[in-house]
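# Working through the structure, step by step
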Amino acid sequence: VSRAIVVFLALAAACASGCARVSPWQRETLARPPLQEPPWPVLRRGEQHVFEIREGSQGGYGAAGGGCGCN
Amino acid sequence: MVVVATPALAAAQTSAEASLRVYQDDDAVRVWSPGARVQTTLGERLTIELDTSIDALSAASVDVTSQASPRGFEETRVEGGARASLAFGATRSVSVEVVGSTENDYDALRVGLGTRVELARRNATLDARWTGSFDVVGRAGDPSFARDRRGQRLVLTFTHIVDPRMYLDVAVDGELTWGYLASPYRYVPVTGPADPEGAPLYQLPEAVPGRRAALATLARVRRALGRRWFAHVEYRLYGDSWGVWSHTGTGALALALADDHVVLGLQGRVYWQGAASFYEAHVVDDGGGAPAWRTRDRAFGGMRSVAASLAADWWPGDGAVTSAPRLTLAVTLVRFTWLDFPLQRGRDAVITSAALVVPF
């Protein structure tokens, strides 16, 4: 886990400091609904709940729910 | 995961959401899940969110995941959550979250702390969130059975604006759980050496290690393909200390119509998973004793799943979508395939979801 965090932070630092900057007036497309994450929140919530019960792995999307209904 | 505020959330001071999800599969399992959510911003710095949901499950046939009532059962799970986020200036915020749920054989409590900072002239967002879990595992019909299950989870999410048409998201999600991690209902059948594939001679309770460390990493690209078309592509790699590895690929295509007041989407997901090191469809009693760790939970066997979704968003009216109600409808078809689970080789399911978000 610690290695993954180090790699993650290095990548974040590299991108934040070295990648191209996009000015606020260039962000019209970025603000449009289909580019938001998740594009359909209700779809993501429903699928994630089912997949976490039926499959052996979970996480990675950043959401934290309570309980599982799968005992 | 909210790494960049959506236009709707950014514009509305208060919004309310009602949702309904229905899960139905070909093993006669049906789950109705109504939910409600309210979010409001106070004084432009403090955002409060409250939500609740219910899972009302009925299984008319044998559900081999939950073997508490092999002739079929009904149960209800109730969840409630509260979140508060406090902004410091335009680029920093901290948040706290409490989520609890209860059902007849499982009580869960999650406490979360998070922070978010925008970097590089708001071209990048770094979000960190810690969650502690304090759960109690019970057993239906046995009020004296109560086992603790604890966990800690750290999620780091980095979002970068690559160019005026593209986002890049990278997430690292590490979780450590300990305590009672088995199911009180699950048993592993034991067969004799003369007929290893035959009828079980007896059954042993499931036994799994008392700790599990898991790490999931995800990379996602969100890109506008033109004036109307948009694509999301993501890959997740997961591994844990029980030997489970999985690969998940998801792709979505969205079409925006009527000045973004209608968005239609198609999403596909494929999932491949290797079995836990101690997964056993059955154990052979050859006189050498039973393995210390053993499970027949099909969720820890080798498996695949394929899902396809259709989604539609509608913001009625002629004004900006940021101030209009949002109606979402979605349907997902899923095929689960278990590679080494004799009782059930696969299951087909339909998940239907609807949500209405009204800003005030």
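Residues numbered from 1 in each chain as written. Chains lettered and ligands numbered in written order. Predicted model: local features only at pLDDT ≥ 70, side-chain atom pairs only at ≥ 80, totals over all residues. Heavy atoms only, no water.

### Some details on the packing of aromatic side chains
Residue and element names in this part refer to chain B. In plain terms, the rule: When the centres of two rings from Phe, Tyr and Trp lie within 6.5 Å, Trp using its six-membered ring, the rings pair. Their planes under 30 degrees apart give stacked, over 60 give edge-to-face, and anything left gives tilted. Strands here mean DSSP runs of E at least two residues long; helices mean DSSP runs of H or I at least four residues long; both are numbered from the N terminus. The rule is simple: take the accessible area with a 1.4 Å probe, protein chains only, and divide by the maximum for that residue type; under 20% is buried, over 50% is exposed, in between is partly exposed.
Across all of its chains, the model carries five aromatic pairs over all chains by this definition. Ring geometry for W242 against F278: centres 5.3 Å apart, planes inclined by 65°, an arrangement best described as edge-to-face. One end of the pair, W242, is in the loop between β13 (229-240) and β14 (245-257); the other, F278, is in the loop between β15 (262-273) and β16 (283-284), and 36 residues separate them in sequence. The class of W242 is buried, set by a relative accessible area of 3%.

### Looking at empty space enclosed by the protein
Our working rule: Method remark: on a 1 Å grid restricted to protein atoms, a set of points is classed as a cavity if a 1.4 Å probe fits but cannot get out and as a pocket if it is open with protein on both sides within 12 Å along at least five of seven lines; lining residues have an atom within 4 Å of a point. Grid points are joined across faces, edges and corners, and a volume is the space filled by probe spheres set on the points.
According to the stated counting rule, one finds five cavities of 30 Å³ or more in the structure shown. Here the second largest cavity defines a volume of roughly 130 Å³. Surrounding the second largest cavity, 14 residues form its lining, A:R44, A:Q48, A:F51, A:Y61 and B:R269 being those nearest its centre. Of all the secondary-structure elements, those providing two or more residues to the lining of the second largest cavity are α2 (41-54) of chain A together with β13 and β15 of chain B.

### Let's talk about the pairing of strand β9 (residues 166-179) of chain B
Residues and elements named next belong to chain B. The following threshold applies: Paired strands, in this sense, are two strands between which DSSP finds at least two bridges.
The pairing of strand β8 (residues 142-163) with β9 spans 14 bridges and is antiparallel. For I161, the partnering residue across the bridge sits in β9 and is Y167. Count of turn residues in the β8/β9 antiparallel hairpin: two residues.

### Observations regarding the environment of B:Q267
Spelled out, the test is: We call two residues in contact when some of their heavy atoms are within 4.5 Å. What qualifies as a polar contact is a pair of N or O atoms within 3.5 Å, subject to a donor-acceptor requirement within protein and to the restriction that residues adjacent in sequence count only when both atoms come from side chains.
Secondary-structure assignment places B:Q267 in strand β15. Owing to a relative accessible area of 12%, B:Q267 belongs among the buried residues under this scheme. Taking the C-alpha atoms as reference points, B:Q267 and B:A308, separated by 41 residues in sequence, lie 5.7 Å from one another. Excluding anything up to four places from it in sequence, B:Q267 contacts A:W40, A:L43, A:E47, B:T250, B:G251, B:A252, B:A307, B:A308 and B:S309. A polar contact of 3.1 Å, which involves the side chain of B:Q267, links it to the side chain of A:E47.

### Describing the nonpolar core
Short version of the rule: Put simply, buried Ala, Val, Leu, Ile, Met, Phe, Trp, Tyr and Cys residues joined by side-chain atoms within 4.5 Å make one nonpolar core.
One finds B:Y23, B:V334 and B:F336 to be the most contacted residues of the largest nonpolar core, which totals 19 residues. Of all the elements in the fold, those that place two or more residues in this core are α2 of chain A together with β2 (29-42), β3 (46-59), β17 (303-314), β18 (326-338) and β19 (346-359) of chain B. With three residues, β18(B) is the largest single contributor of residues to this core. Residues contacting B:F336, with those up to four places away along its chain left out, are A:V50, A:F51, A:R54, A:E55, B:M303, B:R304, B:S305, B:R345, B:G346 and B:R347.

### Some words on the side chain of A:S57
Among the structural elements, A:S57 can be located in the segment after α2. Judged by its relative accessible area of 2%, A:S57 falls in the buried class. Sequence-distant contacts of A:S57, defined by excluding residues within four places in its chain, comprise B:R236, B:Y238, B:S246, B:Y271 and B:Q273.

### Points about the interface of chain A and chain B
The test is simple: Accessible surface is computed with a 1.4 Å probe, and the buried area is the amount of it that two parts give up when combined, taken over both parts together. In the sections that follow, a salt bridge refers to a side-chain nitrogen of Lys or Arg positioned within 4 Å of a carboxyl oxygen of Asp or Glu. When residue character is reported, Ala, Val, Leu, Ile, Met, Phe, Trp, Tyr, Cys and Pro are called nonpolar, Asp, Glu, Lys and Arg charged, and the others, Gly included, polar.
Taken together, the contacts link 56 residues of chain A with 113 residues of chain B. Where chain A abuts chain B, roughly 6900 Å² becomes buried across the two surfaces, and 59% of that area is made up of carbon and sulfur atoms. There are six salt bridges connecting chain A and chain B. Of the charged contacts, one joins B:D25 and A:R54 as a salt bridge, the two residues approaching to 3.7 Å between their closest N and O atoms. Inspection of the chain A/chain B interface yields 25 residue pairs in polar contact (both at pLDDT 80 or more). Secondary-structure elements contributing two or more residues to the side of chain A that touches chain B are α1 (2-18) and α2 of chain A. Of all the elements, α2(A) adds the most residues to the side of chain A that touches chain B, at 12 residues. For the side of chain A that touches chain B, the per-class residue count stands at 30 nonpolar, 16 polar and 10 charged.

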